[in-house]
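Descriptive structure summary
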Amino acid sequence: MKITIIGTGYVGLVTGACLAQVGNDVVCLDTDPEKIASLNSGHVPIHEPGLELLLADNRRAGRLAFTTDVEEATIHGYLQVIAVGTPPDEDGSADLSYAMNAARNIGRYMINDTIVVNKSTLPVGSADQVRDAIASELEKRPVKPNFSVVSNPEFLKEGAAIYDFQRPDRIVIGTDDDAALQVMRQVYAPFNRNHDRLISMDSRSAELTKYAANAMLATRISFMNELANLAEELGADIEHVRQGIGSDSRIGFDFLYAGAGYGGSCFPKDLRALVQTARQTPLGKLQILEAVERVNQAQKRRLGEKILAHFGGDLSGRQVALWGLAFKPRTDDMRDASSLVLIEQLLNAGATVCAYDPASLSVARKLLNGRDGIELKDSAEACLPDADALAIVTEWHEFRSPDFDLIRSQLKTPLIFDGRNLFDPSQMQAMGFHYEPFGRAAKPVTT
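Within any chain, residue numbers begin from 1 and follow the written order of that chain's sequence. In keeping with the predicted nature of the model, local features appear solely for residues at pLDDT of at least 70, side-chain atom pairs appear and are counted solely at 80 or more, and the whole-chain, interface and lining totals rest on all residues. Side-chain descriptors were evaluated using all non-hydrogen atoms of the structure, hydrogens and water having been removed beforehand.

**Points about the overall build of the protein**
Strands are runs of DSSP state E lasting at least 2 residues, helices are runs of H or I lasting at least 4, and numbering of each runs from the N terminus. Along the backbone of the protein there are 16 helices and 14 strands. On C-alpha atoms alone, the protein measures out to a radius of gyration of 24 Å, which is about the 22 Å that the 2.2 N^0.38 rule sets for 447 residues. Along the first, second and third principal axes, the C-alpha set of the protein runs to 85 × 45 × 45 Å. The buried share among the 447 residues of the protein stands at 53%. Reported accessibility uses the Shrake-Rupley method at a 1.4 Å probe radius. Residues are deemed covered only where the shown protein chains occlude them. Approximately 20100 Å² of the protein is accessible, and the part contributed by carbon and sulfur atoms is 49%. Charged residues are defined narrowly, with Lys and Arg counted positive, Asp and Glu counted negative, and His plus the chain ends left uncounted. Charge positions are represented by NZ for Lys, CZ for Arg, CG for Asp and CD for Glu. For the protein, the separation between the mean place of its 46 positive charges and that of its 59 negative charges on side chains is 2 Å. Here the radius of gyration uses the C-alpha set of atoms, whereas the globule reference equals 2.2 Å times the residue count to the power 0.38. When a residue's accessible area, from a 1.4 Å probe over protein chains only, is under 20% of the maximum for its type it is buried; when over 50% it is exposed; and in between it is partly exposed.

**Things to note about the sheet that holds strand β11 (residues 374-376)**
Strand pairing requires that DSSP identify at least two bridges connecting the strands. The strand order across the open sheet formed by 6 strands is β11-β10-β9-β12-β13-β14, and the pairing between neighbours is parallel. Since the sheet does not close on itself, it has two edges, and those belong to β11 and β14 (434-436), each with one partner. For this sheet the average axis-to-axis angle between neighbouring strands, irrespective of direction, equals 20°. Inspection of the sheet shows strand β13 (residues 415-418) paired to β14 by 3 bridges, in the parallel sense. Between the N-to-C directions of two axes lies an angle of 0 to 180 degrees, each axis being a line fitted to C-alpha atoms and, for a helix, fitted only over the stretch in contact.

**Some thoughts on the pattern of salt bridges**
Salt-bridge detection follows one rule: a side-chain nitrogen of Lys or Arg within 4 Å of a carboxyl oxygen of Asp or Glu. Applying the stated criterion across every chain, the model contains 29 salt bridges. Between Lys-2 and Asp-25 there is a salt bridge; the shortest N-O distance is 3.0 Å. One end of the pair, Lys-2, is in strand β1 (residues 2-6); the other, Asp-25, is in strand β2 (residues 25-29), and 23 residues separate them in sequence. When its relative accessible area of 43% is taken as the criterion, Lys-2 is described as partly exposed. Across the pair Arg-272 and Asp-336 runs a salt bridge, and its minimum N-O distance is 3.5 Å. Of this pair, Arg-272 sits in helix α11 (residues 267-279) while Asp-336 sits in the loop between β9 (319-323) and α13 (338-348), and the two are 64 residues apart along the sequence.

**Observations regarding the state of the cysteines**
A disulfide bridge is the covalent bond that connects two cysteines by way of their sulfur atoms. The term disulfide is used for any two cysteine sulfur atoms that are within 2.5 Å. As enumerated under the stated definition, the model contains 0 disulfides in all. Not part of a disulfide, Cys-18 finds its nearest cysteine sulfur in Cys-28, a span of 11 Å.

**Points about the packing of helix α12 (residues 287-310) against α13**
Contact geometry of α12 with α13 gives a least axis separation of 8 Å together with a crossing angle of 35°. Crossing hand, α12 versus α13: right-handed. Along its contact with α12, which presents Lys-300, Arg-301, Leu-303, Gly-304, Glu-305 and Ile-307, the element α13 presents Ser-338, Val-341, Leu-342, Gln-345 and Leu-346. Put simply, Ala, Val, Leu, Ile, Met, Phe, Trp, Tyr, Cys and Pro go in the nonpolar bin, Asp, Glu, Lys and Arg in the charged bin, and everything else, Gly too, in the polar bin. By residue class, the composition of the contact of α12 with α13 is 5 nonpolar, 3 polar and 3 charged. Rotating anticlockwise by less than a right angle from the far helix to the near helix defines a left-handed crossing, while the corresponding clockwise rotation defines a right-handed one. Contact criterion: two residues are considered in contact whenever any of their non-hydrogen atoms come within 4.5 Å of each other.

**Thoughts on the environment of Asn-225**
Take Asn-225: it is sitting in helix α9 (residues 203-234). Between the C-alpha atoms of Asn-225 and Ala-258, which are 33 residues apart in sequence, the distance is 4.8 Å. With residues up to four places along the chain from it excluded, the contact list for Asn-225 reads Tyr-257, Ala-258, Gly-259, Gly-261 and Gln-299.

**Observations regarding unusual backbone geometry**
Most peptide bonds are trans, and most residues other than glycine sit at a negative phi. Of note in the backbone geometry, Asp-336 takes a positive phi value of approximately 55° without being a glycine. We note that Asn-421 has phi near 55°; this positive angle belongs to a residue other than glycine. As for its placement among the helices and strands, Asn-421 is situated in the loop between β13 and α16 (425-430). Relative accessible area serves as the criterion here: at 16%, Asn-421 is assigned to the buried category.

**Structural notes on empty space enclosed by the protein**
Buried and open spaces are told apart on a 1 Å grid over the protein atoms alone, a cavity being a set of points where a 1.4 Å probe fits but cannot get out and a pocket being an open set with protein on both sides within 12 Å along at least five of seven lines. Residues with an atom within 4 Å of a point are the lining residues. Grid points are joined across faces, edges and corners, and a volume is the space filled by probe spheres set on the points. Under the definition given, this model contains 2 cavities of 30 Å³ or more. Looking at the largest cavity, its volume works out to about 60 Å³. Residue lining of the largest cavity: Asn-118, Ser-120, Thr-121, Leu-122, Ser-151, Pro-153, Ala-206, Glu-207, Lys-210 and Tyr-211, and that is the complete set. Here the element with the most residues in the lining of the largest cavity is α9; it accounts for 4 residues. By residue class, the composition of the lining of the largest cavity is 4 nonpolar, 4 polar and 2 charged. If you go around the second largest cavity, the residues you meet are Thr-15, Leu-19, Leu-79, Val-81, Val-117, Lys-119, Asn-152, Phe-165, Met-184, Val-187 and Tyr-188. Elements that contribute at least two residues to the lining of the second largest cavity include exactly α1 (10-21), β4 (79-82) and α8 (178-188). Looking at which element gives the most residues to the lining of the second largest cavity, the answer is α8, with 3 residues. Classifying every residue of the lining of the second largest cavity by side-chain character gives 8 nonpolar, 2 polar and 1 charged.

**Let's talk about the packing of aromatic side chains**
Pairing of aromatic side chains here covers Phe, Tyr and the six-membered ring of Trp, requires ring centres within 6.5 Å, and sorts the geometry by plane angle: under 30 degrees stacked, over 60 edge-to-face, intermediate tilted. Throughout the structure, instances matching the rule amount to 10 aromatic pairs. Ring geometry for Phe-404 against Phe-423: centres 5.1 Å apart, planes inclined by 80°, an arrangement best described as edge-to-face. Within this pair, whereas Phe-404 is found in helix α15 (residues 404-410), its partner Phe-423 is found in the loop between β13 and α16, the two being separated by 19 residues in sequence. With respect to class, Phe-404 is no different from Phe-423; both count as buried. Three or more aromatic residues joined by ring pairs make a cluster, and in this case those are Phe-404, Phe-423, Phe-433 and Tyr-435. Positioned above the aromatic ring of Phe-155, the side-chain terminus of Arg-170 is 3.8 Å from the ring centre. For a ring to carry a charge above it, either NZ of a lysine or CZ of an arginine must fall within 6 Å of the ring centroid while also lying within 35 degrees of the normal to the ring plane.

**A few points about the packing of helix α5 (residues 97-109) against helix α6 (residues 126-138)**
Direction vectors running N to C along α5 and α6 enclose 35°, while the axes themselves pass 7 Å from each other. As α5 runs across α6, the sense of the crossing is right-handed. Contacts between α5 and α6 involve Met-100, Ala-103, Arg-104, Ile-106, Gly-107 and Arg-108 from the former and Ser-126, Gln-129, Val-130, Ala-133, Ile-134, Glu-137 and Leu-138 from the latter. Residues of the contact of α5 with α6, tallied by class, amount to 7 nonpolar, 3 polar and 3 charged.

Pasting the structure below:
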């Protein structure tokens, strides 16, 4: 099938590569000439395991191309997949300008019957707005091809996006057009062989499903973070609590890890957009989700508050080694990352910071360019010499079993603040570390 992907960001590139891999003829469109030139030269602008190889393989096979030519790309695809960004407006609502511009371009240039797929995370009712925008442009033209708009939200985890696309938990299709639904079944058939994962519904329900999924996961995280804070006050161990409640099949273990808060391009943005959507209805407020957001904002500050409390509130002349800048492992995404909050707290308190991340150093250099007091290192070990403490913000695998003897010998004092609860408190105490995780404490030493 001839498919056009509009937008070469995270969702667009993964979608285009995976659809090309199963034999479709895919063109990826972006109006940024530098990005398209970079992609055509083989450079991938994001860190996503396996994506660079998948893009290269399909370009060589002739199934995948990149272009800035809007008219050419629109004429190419029977399926037009809108995968553009929806950044937040000042009030937290989703900015639909890129999606609406894509829709208008489809209306201007389509010459054959077309199915338009909203893959971007768009507010409830956006399929109707896209449909109206296309129809408005077609009214100005003598050609009147038929088209249908389908909502098909993505459920891709950064760091595992290719796996998620090729082995989806569910494929949500929102449409009232039976013919369009059958085409979407055909598109997803290669990824839907073991058992039928495709769930069809109306477009508004599909749009809300995406927001609801991210809101539920964010809620679980904030819930566990509040319990972890309570566990610290009560002398309980949040890891034991996690195991105790996660073993209940109604709850499960996923997204029950306490720590320094969530970030990234999805949870914060989508939660705020959903809250703003509710405010525009007679309902007015989503009280649980507004609380989830407040808890997360506070939780992002707790790691810095722990460090400040340990040093009496003054970090002048102190140096902190920081491991992990990306909002999660296996990505270079630093949007809304907890590391940025911590860095700001440390610098404001007079500290200097030596930081390392396995994937996001180039992103960090752009974000932190010109900031005094922070130095980016090329290895975790290089951050340690002369540091007064080590703070861990991202749970990269290479941080999970480090050389503790080296850490203890390099730090001025054996002090670790762990924002992701990577280690056992009792073992850390036995090795001579002062160790501060979230919601955990070392068992009393018996003599």
